[in-house]
Amino acid sequence: MSPSAFISHCQKLLGQAYVLLDDQDKAPYLSDWRNRYQGKALAILLPNTTTQVAEIVKACNQAKISIVPQGGNTSMCGAATPNDSGQQVVMNLKRMQTIRGIDASNQTIVVEAGCILQTVQEAAKAQGFLFPLSLGAQGSCQIGGNLATNAGGTNVLRYGNARELCLGLEVVTAQGEIMQGLRSLRKDNTGFDLRDLYIGSEGCLGIITAAVFKLYPLPTAQWTALVAVPDIPSTIQLLNLFQKRTAALLTGFEMMSKDSLDLTAKHFPQMKNPLSNDPAYTVLVELSDHESEEHARNLMESVLESAFESGLATDAVIASNLSQAQSFWTMREHITMAQAQEGANLKHDISLPISSLHAFIEETDGILRQHFSGVRLINFGHLGDGNLHYNVAPPVGTNPKEFNSSHEQVIHDVVYTQVEKHHGSISAEHGIGQLKLPDLEAHRGSVALQLMRSLKHALDPNNILNPGKVISE
Ligand code: FAD
Ligand code: 2HG
Ligand code: ZN
């Protein structure tokens, strides 16, 4: 099939309005959120049923036209951006937005891949349930993208990441067949786990069109606090203290360094840290309770009292109402936006055993500061999961683009060598995409890489699904 015959075929399948060919119409789908990558595409395809997805994939497989599946396009590593050949098509699932149903007694929800994450949270809440996946991009990222990246976010320490929340998937294979796996079972040991293979596969093995997720009862009370902590060892001891005293009630434990919050206050002055004396580290703690407001509040106060007594905390503010609690989260979630306003930066989304976090930070900060005087280390993250966003920004007054192009690889190498030394992961939650493909190949180990290539070849022998992402051929 020639490219023009392929386009006519797609127009027949989807309707002309849903095959975007005009440069202006295509533009929003061709660059990534961080503006690192700019691609081209033969067309942007906007299907709205699983059958349409399957028919398009079949045609692509026959014509050997590769597809970049795309959700909300919020990837941090260029995973949903096409290459610059102009020969690929982008398939964005945003029209597949149906919530197919909520099963209250089974506590599950079935949603299509193009549903915005926040819409799913709201639909669950309207029926008295919690859908716990929660992240800064939730107003624009889609469920399909969340699953394809096995997204994490701020509730992982209590509820797990996208993988733990998902019970079943509907997937279009690289051959254009539909794998019907929308099973809402908590136990299902029927052979190889195909669901888990597609979760986190970044659009390289199949196209997710719908999913079943677990729901949880909505907590009756939530208390949120900001706590000033002098150093990383105290932050970890504070985490352990909360874990011991509050167990499953602990639903959030986020760490923010002084430099991260200074940057947020610089670009969003209304989001100033309410804690006095600019603490070295600020921790956001959230407790969710099913008993009563009073029970949760007493628990928060009592743990904080112990933390003050043992010197782990030097100051704290407990949010007195929902809107103050929300303002704490908004400040936390705006660190990324503040970094984007400041200019390009080098991101490292790493995870480490919590017991190694202190040594990692001390050593890596030391090496980077020694080699790049004045470099700014913007550290924050989901400390309760051992997930650190260890972002490196150039010294004040240095052109970010020039700094990055001269030093990017050396800085990545320093950080990832340190990660390997401390038995961590070079991608905790954002995935690999195109940005970290060389780093994965350098750090994942040859046997694991070979197994991944074999799986890719078995499921997508013509390499039509998101080639150039995650792993090279
Ligand atoms: P896209 O960016 O469109 O795509 C991501 C990958 O999924 C690509 O490989 C794409 O090909 C594939 N894909 C998309 N849809 C499908 C589908 N239906 N079937 C198969 N493959 C598909 N991530 C976290 O984990 N935790 C965070 O806390 C977090 N915070 C963020 C905050 C901000 C401000 C931003 C901009 C991003 C953040 N992210 C975070 C990263 C990003 O939001 C997540 O990775 C999100 O899950 C991506 O969803 P998306 O719909 O935007 O996917
Ligand atoms: C977050 O936790 C996101 O806010 C983004 O994962 C992290 O900007 C980053 O590096
Ligand atoms: Zn994160």
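Note that the structure is predicted; figures quoted are calculated from it, not measured. (Residues numbered from 1 in each chain as written. Chains lettered and ligands numbered in written order. Predicted model: local features only at pLDDT ≥ 70, side-chain atom pairs only at ≥ 80, totals over all residues. Heavy atoms only, no water.)

1. Let's talk about the pairing of strand β17 (residues 376–382)
Inference 1: For β17, a buried count of seven out of seven residues is recorded, marking the element as mostly surrounded by other parts of the structure.
Inference 2: Note: strand β13 (residues 250–257) against β17, two bridges, orientation antiparallel. Pairing of M255 across the sheet is with G381, part of β17.
Inference 3: In the sheet, β17 pairs with strand β18 (residues 387–393) via seven bridges, with the strands oriented antiparallel. Its bridge partner being in β18, I378 is matched across the sheet by N391.
Inference 4: Taking the residues that link successive antiparallel strands as the turn, the β17-β18 hairpin has four residues, and the phi of G386 there is positive, at about 70 degrees. (Buried < 20%, exposed > 50% of the residue type's maximum accessible area, 1.4 Å probe, protein only. Helix = DSSP H or I, 4+ residues; strand = E, 2+ residues; numbered from the N terminus. Pairing = 2+ DSSP bridges.)

2. Digging into the site of ligand 1
Inference 1: As a matter of local geometry, ligand 1 sits amid 36 residues, with P69, G71, G72, T74 and Q142 nearest to it.
Inference 2: One of the backbone N or O atoms of G145 is found 3.4 Å from a nitrogen atom in ligand 1.
Inference 3: E429 places a side-chain nitrogen or oxygen 3.0 Å from a nitrogen atom of ligand 1.
Inference 4: Within the complex, the protein chains bury 97% of what would otherwise be the 970 Å² of accessible surface of ligand 1.
Inference 5: When residues of the shell around ligand 1 are traced back to their parent elements, those giving at least two are β3 (67–70), α5 (143–148) and β10 (206–214).
Inference 6: In the shell around ligand 1, the residues fall into 15 nonpolar, 19 polar and two charged.
Inference 7: The residues that make up the shell around ligand 1 include at least three from each of domain 1 (3–92) and domain 2 (99–217). (Near = heavy atom within 4 Å. Polar contact = N/O pair within 3.5 Å; in protein donor to acceptor, adjacent residues only side chain to side chain. Areas by Shrake-Rupley, 256 points an atom, 1.4 Å probe, with all protein chains shown as cover. Nonpolar A, V, L, I, M, F, W, Y, C, P; charged D, E, K, R; others polar. Domains from an automatic or database assignment.)

3. Focus on the domain arrangement of the protein chain
Inference 1: Taken domain by domain, the protein chain comprises domain 1 (3–92), domain 2 (99–217) and domain 3 (221–421).
Inference 2: Distance between the C-alpha centres of domain 2 and domain 3: 28 Å.
Inference 3: Tallying the contact residues gives 10 residues for domain 2 and 14 residues for domain 3.
Inference 4: Taken together, both faces of the contact between domain 2 and domain 3 bury some 900 Å²; the carbon and sulfur share is 58%.
Inference 5: A per-residue breakdown of the area domain 2 buries against domain 3 is headed by T154, L157 and R158, which together make up 59% of the total. (Contact = heavy atoms within 4.5 Å. Buried area = accessible area lost by both parts, 1.4 Å probe.)

4. Some points on the sheet that holds strand β15 (residues 315–318)
Inference 1: On the basis of which strands lie adjacent, the open sheet formed by seven strands has the order β15-β12-β14-β13-β17-β18-β16 and antiparallel pairing. Pairing within the sheet leaves two strands with one partner each, and these edge strands are β15 and β16 (349–351). Averaged over all pairs of adjacent strands, the angle between strand axes in this sheet comes to 20 degrees, irrespective of strand direction.
Inference 2: Contacts from helix α11 (residues 293–309) reach β12 (221–229), β14 (281–289) and β15 within the one sheet, and its direction differs from that of β12 by about 15 degrees.
Inference 3: With respect to the sheet, helix α13 (residues 335–342) is in contact with β13, β17 and β18, its orientation differing from that of β17 by roughly 155 degrees. (Axes fitted to C-alpha atoms, helices over the stretch in contact; angles between N-to-C directions.)

5. Structural notes on the packing of aromatic side chains
Inference 1: Inspection of the entire model under this criterion finds five aromatic pairs.
Inference 2: Above the ring of Y18, the side-chain terminus of R95 is found at 3.3 Å from the ring centroid.
Inference 3: The lysine or arginine in question, R158, covers the ring of Y159, its NZ or CZ lying 4.5 Å from the ring centre. (Phe/Tyr/Trp six-rings, centres within 6.5 Å; stacked < 30°, edge-to-face > 60°. Lys NZ or Arg CZ within 6 Å of the ring centre and 35° of its normal.)

6. Examining the site of ligand 2
Inference 1: With respect to spatial proximity, the complete set of residues near ligand 2 consists of M76, R332, T336, K347, F380, H382, H389, N391, E429 and H430.
Inference 2: At 2.7 Å from an oxygen atom of ligand 2 is found a side-chain nitrogen or oxygen belonging to K347.
Inference 3: At 3.0 Å, a side-chain N or O of H389 approaches an oxygen atom of ligand 2.
Inference 4: Of the residues contributing to the shell around ligand 2, the split by class is two nonpolar, five polar and three charged.

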